[in-house]
Amino acid sequence: MREGTYDPHGVPSMLVGKALPNFSLPGLPPSVGFSSADVAAVGRPSLINFFASWCLPCVQEAPVLMALKRQRTPIWGIAYKDKPEATSGFLRQNGDPYTRIARDEPGNTAIDFGLYGVPETYLIDKSGIVRWRWAGGLSDDVVRQSLAPLIQSLA
Amino acid sequence: VKRAITVLLLAMFVSPAFAVSDPAEMLPNRAQEERAESLGHQLRCLVCQNESVEESNADLARDLRRIIRQRIVAGDTDTQVVEWMVARYGNFVRLRPPFNAETLALWSAPGIALAIGIAAALIARRRRPVAPAPLTDTERQRLSDLLKS
């Protein structure tokens, strides 16, 4: 747990150090969907970001994801329990940082990830192993202190 | 009396209150449903602090209830269902944590607390002040003089 809190989001992810769980999700048009194999095949570190239009911290982390996109980090978006039109509206308002966007309306893939809620972000290395998980909205500080150094070391 | 009988008769038809409020969630097989409910009570609703999956109204808890039932129907044992959950959410998902190296301090805490208590009680007994020696004759005389004056 993160020190000094009882926040269950601070419980370490079971996925870290393991291969991505198998999934294959439909896309949010015009994006085609993607599978765990697609993520493992990019050949460099990438992020999987679970988000939803109904999630407030997702609005707050949107600029942080846009900054990561500018730094050429591939970001796979998974819209969690969201209607396609609502997701599209959210992306028009807050920007679209994603390489591809898939939909997990039933939320089963999310449970295979051990997801607590949205947003959650996973760092996948070039061989498809999960290296890091952040539950909650990403901030510039988290990127600077944890994520960016990890991406560099895995590149 | 007639009224009381009517009430009692009606009470017979009242369905028991199940933890799962939505009957559509329940399995038609009574034994399987009971297993699912008992498993749901052993698993933590992860997004609410200390509620079980069976008690919570959270979306994630509802999804986990559905998965428990799917796995039971698919033929999983209770242990397999719990393992499925632990593989995704870690031991945190279990409301009753297993005994292992990680939880050693947790499980041995009551024993350690008891041992400390017994030790403290023993030390306190040993340190109990000794009763003062009886007064000598001169002291007794002086005491009665003082009391008289």
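Residues numbered from 1 in each chain as written. Chains lettered and ligands numbered in written order. Predicted model: local features only at pLDDT ≥ 70, side-chain atom pairs only at ≥ 80, totals over all residues. Heavy atoms only, no water.

**What about the overall build of chain B?**
When its secondary structure is counted, chain B shows 6 helices and 0 strands. In sequence order, the secondary structure elements of chain B are arranged as α-α-α-α-α-α. In terms of C-alpha radius of gyration, chain B reaches 32 Å, well past the compact-globule figure of 15 Å for 149 residues. Overall size of chain B, expressed as C-alpha extent along the three principal axes, is 95 × 60 × 25 Å. Here chain B, with 149 residues, has 27% of them falling under the buried criterion. Considering only contacts within chain B whose residues lie at least 6 apart along the sequence, 43% involve residues at least 24 apart. On chain B, the mean spot of the 20 positive side-chain charges and the mean spot of the 17 negative ones are 8 Å from each other. (Helix = DSSP H or I, 4+ residues; strand = E, 2+ residues; numbered from the N terminus. Rg over C-alpha atoms; globule rule 2.2 N^0.38 Å. Buried < 20%, exposed > 50% of the residue type's maximum accessible area, 1.4 Å probe, protein only. Contact = heavy atoms within 4.5 Å. Lys, Arg positive; Asp, Glu negative; His and termini not counted. Charge placed at Lys NZ, Arg CZ, Asp CG, Glu CD.)

**A look at the packing of aromatic side chains**
To describe a pair of aromatic rings, one takes the distance between the centres and the angle between the planes. The full count for this structure, using the stated rule, is 11 aromatic pairs over all chains. Plain terms: the ring middles of Tyr116 of chain A and Tyr89 of chain B are 5.6 Å apart, the flat faces sit at 85° to each other, and that makes the pair edge-to-face. Here Tyr89 of chain B lies in helix H4 (residues 78–89) and Tyr116 of chain A lies in the loop between helix H4 (108–112) and strand S6 (120–124), a pairing that spans two chains. The residues Tyr116 of chain A and Tyr89 of chain B share a single accessibility class, namely buried. Aromatic rings pair up to connect Phe23, Phe34, Phe50, Trp76, Phe113 and Tyr122 of chain A into one cluster. Looking at Arg44 of chain B, its charged tip hangs above the ring of Phe92 of chain B, at a distance of 4.3 Å from the centre. One Lys or Arg, Arg88 of chain B, reaches over the ring of Trp84 of chain B and ends 3.6 Å from the middle of that ring. (Phe/Tyr/Trp six-rings, centres within 6.5 Å; stacked < 30°, edge-to-face > 60°. Lys NZ or Arg CZ within 6 Å of the ring centre and 35° of its normal.)

**A look at the pairing of strand S3 (residues 46–51) of chain A**
Residues and elements named next belong to chain A. With 6 of 6 residues buried, S3 lies mostly within the body of the structure. What you see with S3 is no split at all: Ser46, Ile48 and Phe50 on one side and Leu47, Asn49 and Phe51 on the other are buried throughout. When S3 meets strand S4 (residues 75–80), the two strands line up parallel, connected through 5 bridges. By the bridge assignment for S4, Phe50 is matched with Ile78. Taking the sense of rotation as the criterion, the β-α-β connection linking S3, helix H2 (residues 56–70) and S4 turns out right-handed. (Pairing = 2+ DSSP bridges. Right-handed = clockwise from strand over helix to strand, strands pointing away.)

**Observations concerning the state of the cysteines**
Residue and element names in this part refer to chain B. Scanning the model with the defined rule gives 2 disulfides over all chains in all. Between Cys45 and Cys48 runs a disulfide, and the two sulfur atoms are separated by 2.0 Å. Between Cys45 and Cys48 the sulfur-sulfur dihedral comes to about 80°; the bridge is accordingly right-handed. (Disulfide = S-S within 2.5 Å.)

**Remarks on the confidence of the model for chain A**
Averaged over chain A, the pLDDT score is 92; the fraction of residues at 70 or greater is 94%. Segment residues 1–5 of chain A: pLDDT under 50, and 11 contacts once partners within four positions in sequence are set aside and those in other chains are kept. (pLDDT = per-residue confidence, 0-100.)

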